[in-house]
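# Structural characterization, general
Each chain is listed here by its residues.
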Amino acid sequence: AASGVSRVDLDGRPIKPMTICMIGAGGFIGSHLCEKLMSETPHKVLALDVYSDKIKHLLEPDTLPWAGRIQFHRLNIKHDSRLEGLIKMSDLTINLAAICTPADYNTRPLDTIYSNFIDALPVVKYCSENNKRLIHFSTCEVYGKTIGSFLPRDSPLRQDPAYYVLKEDASPCIFGPIEKQRWSYACAKQLIERLIYAEGAENGLQFSIVRPFNWIGPRMDFIPGIDGPSEGVPRVLACFSNALLRREQLKLVDGGQSQRTFIYIKDAIEVVLLMIENPDRANGHIFNVGNPNNEVTVRQLAEMMTEIYSKVSGEPPLEVPTVDVSSKVFYGEGYDDSDKRIPDMTIINRQLGWNPKTSLWDLLESTLTYQHRTYAEAVKQTMSKSVAS
Ligand code: NAD
Ligand code: UDP
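Residues numbered from 1 in each chain as written. Chains lettered and ligands numbered in written order. Predicted model: local features only at pLDDT ≥ 70, side-chain atom pairs only at ≥ 80, totals over all residues. Heavy atoms only, no water.

### Describing the layout of surface pockets
To keep it simple, the criterion reads: Points on a 1 Å grid over protein atoms alone make up a cavity when a 1.4 Å probe fits among them but cannot get out, and a pocket when they form an open set with protein on both sides within 12 Å along at least five of seven lines; lining residues each have an atom within 4 Å of a point. Grid points are joined across faces, edges and corners, and a volume is the space filled by probe spheres set on the points. We call Asp, Glu, Lys and Arg charged. Ala, Val, Leu, Ile, Met, Phe, Trp, Tyr, Cys and Pro are nonpolar, and the rest, Gly among them, are polar.
Here the second largest pocket is characterised by a volume of approximately 500 Å³. In this structure, the second largest pocket is lined by 19 residues; those nearest its centre are Arg153, Arg158, Gln257, Ser258 and Asp339. Among the residues making up the lining of the second largest pocket, the classes are represented as 3 nonpolar, 8 polar and 8 charged.

### Let's talk about the site of ligand 2
The condition is simple: To be near a molecule or strand, a residue needs just one of its heavy atoms within 4 Å of it. Any pair of N or O atoms that falls within 3.5 Å is considered a polar contact. Within protein, one atom must be able to donate a hydrogen and the other to accept it, and sequence-neighbouring residues count only if both atoms are side-chain atoms. Areas reported here follow the Shrake-Rupley algorithm with a probe of radius 1.4 Å; residue values treat only the protein chains shown as occluding. Helix numbering and strand numbering both begin at the N terminus, where a helix is a DSSP run of H or I of at least 4 residues and a strand a DSSP run of E of at least 2.
Taken together, 19 residues sit near ligand 2, with Lys251, Arg260, Tyr335, Asp337 and Arg341 positioned nearest. Between ligand 2 and Glu141, the relevant distance is 3.5 Å, taken from an oxygen atom to a side-chain nitrogen or oxygen of the residue. Notes on ligand 2: free accessible area 520 Å², of which the protein chains cover 95%. Counting only elements with at least two residues in the shell around ligand 2, the list comes to α8 (236-246), β9 (250-253) and α12 (327-331). Of the residues contributing to the shell around ligand 2, the split by class is 10 nonpolar, 2 polar and 7 charged.

### With respect to the side chain of Asn288
Spelled out, the test is: Burial status follows relative accessibility: with a 1.4 Å probe on protein chains alone, a residue under 20% of its type maximum counts as buried, one over 50% as exposed, and anything between as partly exposed.
Summarising the element assignment, Asn288 is placed in strand β12 (residues 285-289). Residue class for Asn288 comes out buried when judged on its relative accessible area of 0%. A distance of 2.7 Å separates the side chain of Asn288 from the side chain of Tyr143, its partner in a polar contact.

### Things to note about empty space enclosed by the protein
According to the stated counting rule, one finds 2 cavities of 30 Å³ or more in the structure shown. By volume, the largest cavity is sized at about 110 Å³. If you trace the largest cavity, you find 13 residues lining it, with Leu244, Arg247, Thr306, Pro317 and Leu318 closest to the centre. Those elements that provide at least two residues to the lining of the largest cavity are α8 and α11 (298-313). If you tally residues by element for the lining of the largest cavity, the top one is α11, at 3 residues. Taken together, the residues that form the lining of the largest cavity break down as 8 nonpolar, 2 polar and 3 charged. Taken together, Arg219, Met220, Asp221, Phe222, Ile223, Ala238, Tyr370, Gln371 and Tyr375 make up the full set of residues lining the second largest cavity. The biggest single contributor to the lining of the second largest cavity is helix α14 (residues 360-388), with 3 residues. In terms of residue class, the lining of the second largest cavity is made up of 6 nonpolar, 1 polar and 2 charged.

Here you go:
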């Protein structure tokens, strides 16, 4: 459907092909967005990143049907004079670049703050000065903790959605103290959101801000010792996948009582495409993008992944599949956590008429099938090597 058929936006108007400057295109979300844009639209992508492994399959060979519509630029936006030129050449800039793994927030707080605030500043400035539209990726973590988390454990108000549902235009941002460096990321993201909002209000910048709520799927992060550092700590999907692949226990931080809503990456990418192609509906808005129906505790997630992985791999689960670990041991000093994250969907529904589709079970089944197919053999080989030596 990439050519020939004329595509229309939500208001029935033909969509003109555009050039998109995608910063952080080589990451998890970027790779899925590039795939979608190449296979379903006529748009061009200038893909900027320091890595290209996750989009290699879109760049080579140059006989691919979309060759010529995607161009990779290996650059670090911290120090590269090509950035402004690439933004000027484009109709739209999408900024995905960030340090965004919780293990880094309390152990590398300076890198985290620089990456999420300082390094994003020139991107905002070039868009504003050159009258270019910006879609900036923030995070659901800007909400921090729920109001309900401060109520007494047994308070009936904890069951009242008014105390936990997160609304873009009404909920406060509630972070822990400065010594809990976990919040360095959320705080940096909050400040760049405020700056973008102010550029819109004072200088007319056309922007949309996306707050992802735990998007997961194939190509997320890395498997330690296989396609990332052995000592690295990725986000929960990759941590649990790694343990399942190695037949080790899944580690539940502080008992795994925190709650999350997980959304399938492919559902989320659909609404990003709607934002790209419906600027009149998307500009000036902050959007929660999540699946409020897929809520579990981290402990429940571990149990579900254990059951599904066993089905997918044909291997029986461990007798005791999980083990509790304190956050201090797992993440180090200064870790803290969001208790619960339910996205309010009113604004995204009203502006873009979108709803997520995939259940947690289905998205874990397809993701763990991918993990097994991609990594099981390599993990077995490294494990037999380390036993032999
Ligand atoms: P990711 O780490 O896979 O992707 C980020 C990409 O940005 C990486 O490929 C990285 O190499 C690149 N990058 C970082 N700094 C760069 C620099 N200075 N110059 C050039 N490239 C640079 O992460 P992701 O999950 O794809 O997340 C993308 C965005 O979405 C981030 O801003 C993140 O904060 C936000 N987000 C994601 C989720 C989620 O559920 N996946 C949740 C909340 C927020
Ligand atoms: N977590 C866990 N075990 C792990 C990795 C993460 O219990 O091996 C927990 C973590 O403490 C948090 C949740 O899983 O409560 C989600 O963590 P993730 O790193 O995916 O990111 P977050 O949603 O906190 O941004």
